[in-house]
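# Notes for the structure review
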Amino acid sequence: MKVLIRTLFLWLAVFCFIPVVQAEETQATDQKSEPKTEQEAFNGEVVNELDWEELMPKNFTLESILGDLDSPDTLDDLDPAATQYMDQLMAALASAPVVPEMGGKMVKIPGFVVPVQGDGINVTEFFLVPYFGACIHVPPPPSNQIIYVRFEPGTKVENLYDAIWVTGKLAIETTAHELASSGYSLEAFVIEPYEMEYEDEAAETEAGAEGTPAQ
Amino acid sequence: MILLRLTARSLWHRRTTALLTLLTIGVSVMLLLGVEKVRTETRTSFANTLSGTDLIVGARSGQIQLLLYSIFRMGDATSNISWQSYQLVAKHRQVAWTVPISLGDSHKGYRVLGTNQDYFKHYKYGNRIPLSFEQGRQFDALYDVVLGADVAEKLGYKLGSKVVVAHGIGNASFSKHEDKPFTVVGILERTGTPVDQTLHLSLEALEAIHIDWKAGVRIPGTNVSAEEAAKMQLQPKQITAFLVGVKSKVATFHLQRSINNYRKEPMLAILPGVALQQLWDMVGIAEKALMLVSALVVVAGLVGMLTVILTSLNERRRELAILRSVGARAWQILLLLTLESALLTLLGVGFGILLLYLGILLAQPVLASQIGVFIPLSALTFYQWQLLGVVVVCGTLTGLIPGYRAYRYSVADGMTIRV
């Protein structure tokens, strides 16, 4: 009997051991091949923590992009005028103006990943957006609120609901066609998990992270 | 060192049970590594199938479903979309290119895909690798067909072979389009994706073979010959799905929104990367369950080893007593037993790796042809080594149990054993 109890305890210890190893592994790979950075500088360059609002020009308002239109509040969803209004809005939002001064800046910005290119385990190219998910009630964020990120080593995306911090060099890409719309792109150097500021929420995300399989 | 030799000799003396224990651990380790390997390779294989495509558009259904039937040829489309809607999106100012896809027919269990020449230009896999021809060229004439590498190899087709396309997607079909045979004009280079298992022909050709099928079956007496069909109006009226490349990446979301909100026809536009990620989220649960099961099999293997060692302990009390009498300390007895299980686990792990590679070698062709996942004989990943490390540590720790018992025996027994 004694042996049985001892055996049980031993296996219990072994089982506690496995998640620890996995958790360590997840952490290790998150920071894999990335130099530990100071908050303020990376490769001798000053890193600015960026707010998504700063990517919109100061005078970027609905009026400025649409001109004077009837208030959409009075329009019914299936009204042809509403459709027309939405089309105009979509066209305007798809080529929203950018802030030229942002080009070439070293920034650190939080956001959600929308994967574009990867090998099934690591994502090497993705969109960074300020809020997660296909919220179908409103149009997607305007083009100046979407950053196209390239990250050569690739990052593991275990859950689209988890936010990340991206540090890298911002650039403005102008595509040469009739619309000449431009957008932001970012060459990422460091990608870190985003920690919630509130303690209980942090605990929640921790628990969520443990539930996902370590690769 | 002498302890290790003693352990090895002792194990050799009990080689039958030791070998069986080894087998148990080996098989369980193989299972553990195999599950992990299949999991990662499947993911890689899926993710490598489509690259450089910004949106996939099809009839309104589910994101994952659209991805599965349009790209992986798994399941069926719920509905088609009209040619007009396709043209509308294709002419959108943000759209750089489109590739139409029409599915629904087969040839000996391989799916037939109707498309146009843009497919060979814009379809990319892996890290933006375009399709290339091993032999021949893309289709130009109406009754030309381009084969994927597997189709050509398995069915033994060469350039110039005649191929008859069957209606429906079963492995055998009783309604064939045998009056309109196709000529193989090209064979694609192997890609490791579902493209290898696909026959490609033009949208017009699909239209042509279905001309006399308007009623859902070929009505006797209304046959249209291949030559007559070629002269008819073959403009396709509907397609299953299409791939879209956008001019500016940031426009992807807005184009997606416009397509999804198109009032005249219900269509669904998806970002392939997002749909794939959602698929993994779903499959993840099953993967975790599989991992758990294989971990438990390893536990069972180790418990089996424990049983064997513990039962042998009684028989070996005299052996241990003799060891004590010739000067072995009690702690050395403990070490001896721990070493034994460590050695067994280590050998078992080695055996398991051997079994894994043997298994992959045997299963490789089957997996590749059945589910289209190619599993390479690659080296173990860091994570797999970690798993093995955990197994070895657990095995060694298990050895502490009989070790402790033997320790107690050897302290208490002395030379006089009362069993």
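Residues numbered from 1 in each chain as written. Chains lettered and ligands numbered in written order. Predicted model: local features only at pLDDT ≥ 70, side-chain atom pairs only at ≥ 80, totals over all residues.

The next point concerns the overall build of chain A. Helix and strand counts for chain A come out as four helices and eight strands. Listing every helix and strand of chain A by position from the N terminus yields α-β-β-β-α-α-β-β-β-β-β-α. Per-residue burial for chain A yields a buried fraction of 23% across its 215 residues. When contacts within chain A are restricted to residue pairs at least 6 apart in sequence, long-range pairs at least 24 apart make up 66% of them. (Helix = DSSP H or I, 4+ residues; strand = E, 2+ residues; numbered from the N terminus. Buried ≥ 20, exposed ≤ 12 C-beta atoms within 10 Å, placed from the backbone. Contact = placed C-beta atoms within 7 Å.)

Counting its regular elements, chain B contains 13 helices and 15 strands. In terms of overall dimensions, chain B is more spread out than a globule: its C-alpha atoms have a radius of gyration of 31 Å, far above the 22 Å expected for 419 residues. Its C-alpha atoms give chain B principal-axis dimensions of about 105 × 45 × 35 Å. Relative to its full complement of 419 residues, chain B shows a buried share of 41%. Long-range pairs, those at least 24 residues apart, make up 80% of the contacts in chain B between residues at least 6 apart in sequence. (Rg over C-alpha atoms; globule rule 2.2 N^0.38 Å.)

Residues and elements named next belong to chain B. Across the interface, helix α2 (residues 15-47) lies against helix α10 (residues 272-315) with an axial gap of 8 Å and an inter-helix angle of 170°. Classified by the angle between their axes, α2 and α10 sit roughly antiparallel to one another. A class-by-class count of the residues in the contact of α2 with α10 yields 17 nonpolar, seven polar and three charged. (Axes fitted to C-alpha atoms, helices over the stretch in contact; angles between N-to-C directions. Parallel < 35°, antiparallel > 145°, perpendicular 65-115°, else oblique. Nonpolar A, V, L, I, M, F, W, Y, C, P; charged D, E, K, R; others polar.)

On to the nonpolar core, then. In globular proteins that are soluble, nonpolar side chains generally tend to be buried together. Ranked by size, the top nonpolar core spans 96 residues in total, and within it V57(B) and V145(B) carry the most contacts. When sequence neighbours within four positions are dropped, the list of residues in contact with V145(B) reads F139(B), V163(B), F182(B), T183(B), V184(B), V185(B), L199(B), H200(B) and L201(B). (Core = buried A, V, L, I, M, F, W, Y, C linked by C-beta atoms within 7 Å.)

Residue and element names in this part refer to chain B. A positive phi angle, near 55°, is found at R73, a position not held by glycine. Take R73: it is sitting in the loop between α3 (63-71) and β2 (81-82). Classification of R73 by C-beta neighbours within 10 Å gives partly exposed; the count is 19. For K108, which is not glycine, the phi torsion reads 50° and is therefore positive. Turning to its location among the elements, K108 is positioned in the loop between β3 (95-107) and β4 (110-115).

Residues and elements named next belong to chain B. Taken N-terminus to C-terminus, the directions of α3 and α10 make an angle of 105°; their axes are 9 Å apart at the nearest point. Relative to α10, the element α3 is oriented roughly perpendicular. In this structure, α3 uses Q63, I64 and L67 to contact α10, whose residues at the interface are P272, A275, L276, Q278 and L279. Of the residues contributing to the contact of α3 with α10, the split by class is six nonpolar, two polar and no charged.

On to the domain arrangement of chain B, then. Looking at chain B, the domain boundaries give domain 1 (2-46 + 283-413) and domain 2 (55-270). One C-alpha centre belongs to domain 1 of chain B, the other to domain 2 of chain B; they are set 50 Å apart. (Domains from an automatic or database assignment.)

Another aspect to go through is the confidence of the model for chain B. Looking at chain B, pLDDT values average 85 and 91% of them are 70 or higher. Scoring of the predicted complex yields 0.74 for pTM and 0.70 for ipTM. (pLDDT = per-residue confidence, 0-100.)

A few words now on α10(B). Between its first and last C-alpha, α10(B) extends 63 Å over 44 residues, near the 64 Å set by a 1.5 Å rise per residue. The largest bend in α10(B) is about 35°, located at V283(B). (Expected span 1.5 Å × (residues − 1). Bend = angle between axes of the 7 residues up to and from the residue.)

What follows covers the pairing of strand β7 (residues 164-174) of chain A. Residues and elements named next belong to chain A. For strand β4 (residues 106-118) and β7, the ladder comprises six bridges, and the chain directions are antiparallel. When the sheet's bridge partners are listed, V107 is paired in β7 with G168. Pairing of β7 with strand β8 (residues 182-193) involves eleven bridges; the strand directions are antiparallel. What sits directly across from W165, in β8, is E192. (Pairing = 2+ DSSP bridges.)

This paragraph deals with the environment of V95(B). Residue and element names in this part refer to chain B. Structurally, the position occupied by V95 is in strand β3. Sequence spacing of V95 and L255 is 160 residues, and the spatial spacing of their C-alpha atoms is 8.4 Å. Excluding residues that lie within four positions of it along the chain, V95 makes contacts with V89, A90, V244 and V246.

A few words now on helix α9 (residues 252-260) of chain B. Burial of α9(B) is extensive: eight of the nine residues sit out of reach of the surface. For α9(B), the full list of buried residues reads T252(B), F253(B), H254(B), L255(B), Q256(B), R257(B), S258(B) and I259(B).

Residue and element names in this part refer to chain B. Across the seven residues of strand β11 (residues 182-188), six count as buried, placing the element largely inside the fold. One ladder, built from three bridges, connects strand β7 (residues 133-136) with β11; its direction is antiparallel. Of the residues in β11, the one forming a bridge with Q135 is I187. Pairing of strand β8 (residues 144-147) with β11 involves four bridges; the strand directions are parallel.

Moving on: the confidence of the model for chain A. Residues and elements named next belong to chain A. A residue-level look at chain A finds 52% of positions with pLDDT of 70 or above and a mean pLDDT of 68. Throughout residues 19-38 the model reports pLDDT below 50, and contacts reaching past four residues in sequence, or to other chains, amount to 16 contacts. Here residues 199-215 scores under 50 on pLDDT; set against residues more than four positions off or in separate chains, the count is 19 contacts.

On to the environment of S79(B), then. By the element assignment, S79(B) lies in the loop between α3 and β2. Residues S79(B) and L131(B) lie 52 residues apart in sequence; the distance between their C-alpha atoms is 28 Å.

What follows is about the environment of T193(B). All names here are of chain B. Along the chain, T193 falls in the loop between β11 and β12 (198-202). Judged by C-beta crowding, with 24 C-beta atoms within 10 Å, T193 ranks as buried. Taking C-alpha positions, T193 is 9.3 Å from I71, a pair spaced 122 residues apart along the chain. With sequence-adjacent residues up to four places away left out, T193 is seen in contact with N48, T49 and Y125.

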